[in-house]
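Each chain, written out:
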Amino acid sequence: MSTIKHVAIIMDGNGRWAKKRFRPRIWGHVRGSGVVSDIVQSADDQGIKALTLYAFSTENWSRPVDEVSILFKLLKKFLLKEQSRLIKNNVHFKVIGEINGLPEDTVTLIKETEALTAKATGLKLTFAFSYGGRSEIMRAVNQFQIQNPSKLMTEDDLSARLYRPETGDVDLMIRTGGEQRISNFLLWQMAYAELYFTPTKWPDFTAHEFKSIIDHVSCRERRFGNVSAQTSLQMSIELAESNKTNFVQGVLS
Ligand code: IPE
Ligand code: IPE
Ligand code: MG
């Protein structure tokens, strides 16, 4: 069974994809938004438990107003188009981030989609929208301090106060578009994630490439600070051998 349960993706490269085709950046976002449902479907087909997609960062607010407003419109369009499919496929949908600055009708639609899928037991699909990893952590810290003014916070206390604690740690983070950075994404949850950077720009990303990345990463050994399983086995054998020798020597002496 695959150890990859939670996959996070930084969907990057839309602007450069469009620029290469002499089109405006927003064209890249339009094409990129068309890829999302294929990847969600593929995650579900591969038995992944949680998929978190980075769609708009807190830093992206500094982009030109027109670009920002297209991104909001694309989110709304996605939800209108996909809502019934999410329900049918038993997908539990949530948005993480500070969505209050979004247009009111989009916020209403997000809340409606979250409510309609709240009881779903299948894939946990999360859109990180107006999301920043540092502000997620600070929000959790502040919440804890208000609730427990004189207590020291533990890691579990913090984890429990993240936007969507039930998705747990990230096993694999994929970034499309060729940049090798994490751009303020899921900082806490990615402490031990496998990282995979592909040069493919998001509008060209396919379910086929997604699957081959998962297959490739599933073969990596994740050690979590431990020695490798092979080394550990070898050490146990050596220990057993030396115990046997000591025992024999003890009997003979
Ligand atoms: C990712 O594509 C989408 C968002 C950040 C909203 P970009 O718009 O960052 O595309 P590039 O990186 O400029 O090519
Ligand atoms: C990260 O991409 C955010 C999303 C994909 C939503 P950016 O394009 O904003 O990141 P930087 O600026 O290259 O770090
Ligand atoms: Mg980018």
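Residues numbered from 1 in each chain as written. Chains lettered and ligands numbered in written order. Predicted model: local features only at pLDDT ≥ 70, side-chain atom pairs only at ≥ 80, totals over all residues. Heavy atoms only, no water.

Undergrad: With reference to specific residues and values, describe the domain arrangement of the chain.
TA: Looking at the assigned domains, one finds that the chain contains domain 1 (6-222) and domain 2 (227-253). Each of domain 1 and domain 2 has a C-alpha centre, and these two points are 48 Å apart. (Domains from an automatic or database assignment.)

Undergrad: Describe in detail the layout of surface pockets, supporting the description with residues and values.
TA: Each pocket or cavity is described by its volume, and for the largest pocket that value is around 620 Å³. Looking at the lining of the largest pocket, the elements that each hand over two or more residues are helix H1 (14-20), helix H2 (25-45), strand S2 (50-57), helix H3 (65-88) and strand S4 (124-131). With five residues, H2 is the single largest residue contributor to the lining of the largest pocket. Considered class by class, the residues forming the lining of the largest pocket number 13 nonpolar, nine polar and eight charged. (1 Å grid on protein atoms, 1.4 Å probe; cavity = no way out; pocket = protein on both sides within 12 Å on 5 of 7 lines; lining within 4 Å. Points joined across faces, edges and corners; volume = space filled by probe spheres on them. Helix = DSSP H or I, 4+ residues; strand = E, 2+ residues; numbered from the N terminus. Nonpolar A, V, L, I, M, F, W, Y, C, P; charged D, E, K, R; others polar.)

Undergrad: Can you explain the nonpolar core? Please cite residues and give values.
TA: The biggest cluster of nonpolar side chains holds 40 residues, and the ones touching the most others in it are Val7, Ile9, Leu51, Leu53, Leu125, Phe127 and Phe210. In this view, Ile9 contacts Ile39, Leu51, Thr52, Leu53, Tyr54, Ile174, Phe185, Trp202 and Phe210; residues no more than four positions away in its chain are not counted. Ile96, Tyr131, Val170 and Leu186 belong to the second-largest nonpolar core, a separate cluster that totals 13 residues. (Core = buried A, V, L, I, M, F, W, Y, C linked by side-chain atoms within 4.5 Å. Buried < 20%, exposed > 50% of the residue type's maximum accessible area, 1.4 Å probe, protein only. Contact = heavy atoms within 4.5 Å.)

Undergrad: With reference to specific residues and values, describe H2.
TA: Taking 1.5 Å as the rise per residue, H2 with 21 residues should run 30 Å; its terminal C-alpha atoms sit 31 Å apart, in good agreement. Three or more residues of H2 are buried, namely Gly28, His29, Gly32, Val35, Val36, Ser37, Ile39, Val40, Ser42 and Ala43. Close packing links the buried residues of H2 with strand S1 (6-10), H1, S2, H3, S4 and helix H7 (207-218). One or two residues past the end of H2 sits Gly47, with phi positive at roughly 75°. (Expected span 1.5 Å × (residues − 1).)

Undergrad: Break down helix H5 (residues 133-147) for me, citing the residues and quoting the values.
TA: For H5, spanning 15 residues, the distance from its first C-alpha to its last is 21 Å, which sits close to the expected 21 Å at 1.5 Å a residue. Turning to H5, its buried residues number three or more, namely Gly133, Glu136, Ile137, Ala140, Val141 and Phe144. Within H5, the buried residues cover an arc of 135° as seen down the axis, which keeps them to one side. The outward face of H5, more than 90 degrees from its buried face, is lined by the exposed residues Arg134 and Ile146. (Arc of directions from axis to C-beta.)

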